[in-house]
Amino acid sequence: MSAKASKQSKAADSINARLQLVMRSGKYQLGYKTTLKTLRNGKSKLILIANNCPALRKSEIEYYAMLAKTGVHHFHGDNNELGTACGRYYRVCCLSITDPGDSDIIRTLPGNE
């Protein structure tokens, strides 16, 4: 049981490290409305959604992502943890990565689901 927990924490640390690299070197949009805008414009490469995002909002984002052929990753933390992982002091429900910069987050996350 502890081996599984440590494996999940290592995966979460890896995701957080890649996300911090995107915050430093890439382009992204934080929040629900701007995430939908980037999906509609076809600029989004990857979507991250917090696990306590409301079901209707989550399904709407997933639907737009499916139409735009964009990967969706369900972050294994709530919106407080997603905001902290982004280096912000506020809650973040979802974020859209438009340019990953130096990070390899696009190649590694969508296949993880």
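As a reminder, the structure under discussion sits directly above these lines.
Fair warning: this is a prediction, and the values are worked out from it, not measured in the lab. (Residues numbered from 1 in each chain as written. Predicted model: local features only at pLDDT ≥ 70, side-chain atom pairs only at ≥ 80, totals over all residues. Heavy atoms only, no water.)

Student: For this particular structure, what's the right way to read a nonpolar patch on the surface?
Tutor: A contiguous nonpolar surface patch, about 340 Å² in accessible area, is contributed by Tyr-63, Met-66 and Leu-67. By the element assignment, Leu-67 lies in helix 3 (residues 55-68). (Patch = residues over 30% accessible without salt bridge, like charges linked within 9 Å, V, L, I, M, F, W, Y side chains within 5 Å. Areas by Shrake-Rupley, 256 points an atom, 1.4 Å probe, with all protein chains shown as cover. Salt bridge = Lys/Arg side-chain N within 4 Å of Asp/Glu carboxyl O. Helix = DSSP H or I, 4+ residues; strand = E, 2+ residues; numbered from the N terminus.)

Student: How should I be thinking about the environment of Arg-24 in this particular structure?
Tutor: Tracing the sequence through the fold places Arg-24 in helix 1 (residues 2-25). Separated by 25 residues in the primary sequence, Arg-24 and Ile-49 have C-alpha atoms spaced 20 Å apart.

Student: What is the right way to look at the nonpolar core in this model?
Tutor: Most often, soluble globular proteins have nonpolar side chains that are buried together. Ranked by internal contacts, the top residues of the largest apolar core, which has 17 residues, are Leu-19, Leu-48, Leu-82, Leu-95, Ile-97 and Ile-105. Listed by contribution, the elements that provide at least two residues to this core are helix 1, strand 2 (46-49), helix 4 (79-85) and strand 4 (94-99). The element best represented in this core is helix 1, accounting for 4 residues. Not counting chain neighbours up to four residues away, the residues in contact with Ile-97 comprise Leu-19, Val-22, Lys-27, Tyr-28, Ser-44, Lys-45, Leu-46, Leu-48, Ile-105 and Ile-106. In terms of nonpolar packing, the next biggest core, distinct from the first, is built from 11 residues, Tyr-32, Ile-47, Cys-53 and Cys-93 among them. (Core = buried A, V, L, I, M, F, W, Y, C linked by side-chain atoms within 4.5 Å. Buried < 20%, exposed > 50% of the residue type's maximum accessible area, 1.4 Å probe, protein only. Contact = heavy atoms within 4.5 Å.)

Student: Even after reading the chapter, I still don't get the packing of helix 2 (residues 32-41) against helix 3, so can you show me in this structure?
Tutor: Angle between the axes and distance between the axes are the two parameters that describe a pair of packed helices. The N-to-C vectors of helix 2 and helix 3 enclose an angle of 20 degrees; their axes lie 9 Å apart at closest approach. If you check the angle between helix 2 and helix 3, you find them roughly parallel. Crossing of helix 2 against helix 3: the hand is left-handed. From helix 2, Tyr-32, Leu-36, Leu-39 and Arg-40 reach across to helix 3, where they touch Arg-57, Glu-60, Ile-61, Tyr-64, Ala-65 and Ala-68. Class assignment of the residues belonging to the contact of helix 2 with helix 3 gives a composition of 7 nonpolar, no polar and 3 charged. (Axes fitted to C-alpha atoms, helices over the stretch in contact; angles between N-to-C directions. Parallel < 35°, antiparallel > 145°, perpendicular 65-115°, else oblique. Left-handed = near helix turned anticlockwise from the far one by under 90°. Nonpolar A, V, L, I, M, F, W, Y, C, P; charged D, E, K, R; others polar.)

Student: Looking at this structure, how should I read the pairing of strand 2?
Tutor: Moving residue by residue along a regular strand, the side chains alternate between the two faces of the sheet. Going residue by residue along strand 2, you find Leu-46 and Leu-48 tucked away on one face and Ile-47 and Ile-49 tucked away on the opposite face as well. Here strand 2 pairs with strand 3 (residues 71-74) via 4 bridges, running parallel. Of the residues in strand 3, the one forming a bridge with Ile-47 is Val-72. Remark: the strand 2/helix 3/strand 3 crossover connection has right-handed handedness. With 4 bridges joining them, strand 2 and strand 4 adopt antiparallel strand pairing. Note that in strand 4 the partner of Leu-48 across the bridge is Leu-95. (Pairing = 2+ DSSP bridges. Right-handed = clockwise from strand over helix to strand, strands pointing away.)

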